[in-house]
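Topology and contacts: notes
One letter stands for each residue in the lines below.
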Amino acid sequence: MLLVASALLSLQVGATDVTVTTLAAKLAAAEPLTRIERVVFFDIRLPRLAMGALVGAALAVSGAVMQGLFRNPLADPGIVGVGAGAGLGAILAIVLGALLPPALLSMTGNALVPLAAFLGGWATTLLLYRVATRHGRTSVATMLLAGIALGALAGALSGILVYMANDQQLRDLTFWGLGSLAGASWAKALAAAPLILLSGIAAMALGRGLNGLAMGEATAAHIGIDVQRVKAVAILSVAGATGAAVAVSGGIGFVGIVVPHLLRLASGPDHRTLLPNAALLGASLLILADVIARVIIAPAEMPIGIVTAVLGAPVFLWILLRRRGLALS
């Protein structure tokens with residue numbers, strides 16, 4: 001119900017006076033839509049809504065999977081290096097993209113930065129998985145430490161590239177890093193959708209395995225869970241979903257941390273219900289954050305990463321204080 005309501009609000013609100021009620025009235029009266037109405041509704045708001053739902057669901061499910069895998073409520077998709085690798089890939093494309101052969105530049109076009117971000121996130125994640133896996137077993141502790149190291153390395157390389165960037169490139173880097181759905185299009189949504197949906201389906205199948213891991217790897221193995229398979233599917237699904245999401249929207253924080261916390265407070269820690277609910281709530285919250293980003297300083301637009309941080313940080317602090325109060329009592 002929240003997802004439906006947020007979707008209708010997203011289609012209703014914007015910088016123009018084109019609304020769902022107006023369009024519905026015209027369609028009911030068999031009146032033709034104007035060119036502006038068709039463009040605003042079908043080419044701007046609908047693809048933006050679709051991309052917001054996909055990105056929000058991907059980030060929230062990935063956060064829930066990471067917290068279950070690491071058995072740590074502070075875990076988020078950034079632990080597996082997707083964010084740092086995607087950021088490095090995007091910075092490489094923005095700062096050094098002009099050095100690519102003209103034929104390759106014309107082939108990629110506006111997709112160069114999203115493609116580089118996606119490849120950077122995947123490459124970092126696969127490297128992290130390779131470092132943490134020995135003799136067919138993946139160490140969660142090693143993955144955590146290696147993720148911190150790779151994130152620091154990616155940050156250092158990104159800093160070097162930022163130092164080399166000119167003023168226009170710095171503006172592009174800042175805008176991409178804050179996250180936005182302003183560049184939403186059907187092409188981007190359809191490019192990200194298959195990977196996000198496939199990764200989401202794979203993550204949904206991990207409910208029983210993540211429930212078992214909550215009791216420890218040894219106990220999970222004793223009750224018949226293939227621990228190594230759960231780890232591999234979890235890491236690859238998070239890399240796929242988050243990599244595609246970050247590639248089309250830039251850096252958007254707090255969704256992957258806050259949404260699973262809110263759901264655990266409301267419906268408990270069972271991942272069989274937590275994961276699908278995370279997809280619905282993550283999509284709803286990101287759509288609502290996008291609505292706020294579009295109207296708060298209209299006709300200009302605020303980066304959605306700022307909105308999620310302003311809204312998510314106080315909620316996260318409230319959750320931490322609440323948990324601490326429960327622990328003290």
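As a reminder, the structure under discussion sits directly above these lines.
Overview of the structure. What you see is a predicted model; the values in this text were computed from it and never measured.

**Regarding the overall build of the chain**
A count of helices and strands for the chain gives 15 helices and 2 strands. Along the first, second and third principal axes, the C-alpha set of the chain runs to 65 × 50 × 35 Å. Taking contacts inside the chain between residues at least 6 apart in sequence as the whole, the part at least 24 apart equals 75%. Of the accessible surface of the chain, which amounts to about 15,900 Å², a share of 71% is contributed by carbon and sulfur atoms. In the chain, which carries 20 positive and 12 negative side-chain charges, the distance between the mean positions of the two groups comes to 11 Å.

**Examining the pattern of salt bridges**
Two side chains bearing opposite charge may form a pair once their charged atoms approach each other closely. A complete count under the given rule lists 5 salt bridges for this structure. When the shortest N-O distance is used, the salt bridge between Arg48 and Asp290 registers 2.8 Å. Taken together, the positions of Arg48 in helix H3 (residues 35-70) and Asp290 in helix H14 (residues 271-295) put the pair 242 residues apart, joining distant regions of the chain. The pair Arg48 / Asp290 is uniform in exposure class, with both members buried. A cluster of three or more residues bridged by salt bridges with shared partners is formed by Arg48, Asp290, Arg294 and Glu301.

**Re the nonpolar core**
Ranked by size, the top nonpolar core spans 60 residues in total, and within it Val55, Val65, Met66, Leu69, Phe70 and Leu210 carry the most contacts. Tallying contributions element by element places H3 first for this core, with 13 residues. In this structure Leu210 touches Val65, Gly68, Leu69, Val230, His271 and Leu275, once residues within four positions along its chain are discounted.

**Here we look at the packing of aromatic side chains**
Evaluation of the coordinates by the stated rule reveals 2 aromatic pairs. Measuring from centroid to centroid gives 5.1 Å for Phe41 and Phe42, while their planes differ by 85°, and the two rings are edge-to-face. The exposure class of Phe42 is partly exposed, given its relative accessible area of 36%. Here the aromatic rings of Phe118 and Trp122 are separated by 6.3 Å at their centres, their planes lie at 55°, and the arrangement is tilted. Note that Phe118 and Trp122 are positioned in helix H6 (residues 112-132) at a spacing of 4 residues, about one turn of the helix.

Criteria and thresholds
- Residues numbered from 1 in each chain as written.
- Predicted model: local features only at pLDDT ≥ 70, side-chain atom pairs only at ≥ 80, totals over all residues.
- Heavy atoms only, no water.
- Helix = DSSP H or I, 4+ residues; strand = E, 2+ residues; numbered from the N terminus.
- Contact = heavy atoms within 4.5 Å.
- Areas by Shrake-Rupley, 256 points an atom, 1.4 Å probe, with all protein chains shown as cover.
- Lys, Arg positive; Asp, Glu negative; His and termini not counted.
- Charge placed at Lys NZ, Arg CZ, Asp CG, Glu CD.
- Salt bridge = Lys/Arg side-chain N within 4 Å of Asp/Glu carboxyl O.
- Buried < 20%, exposed > 50% of the residue type's maximum accessible area, 1.4 Å probe, protein only.
- Core = buried A, V, L, I, M, F, W, Y, C linked by side-chain atoms within 4.5 Å.
- Phe/Tyr/Trp six-rings, centres within 6.5 Å; stacked < 30°, edge-to-face > 60°.

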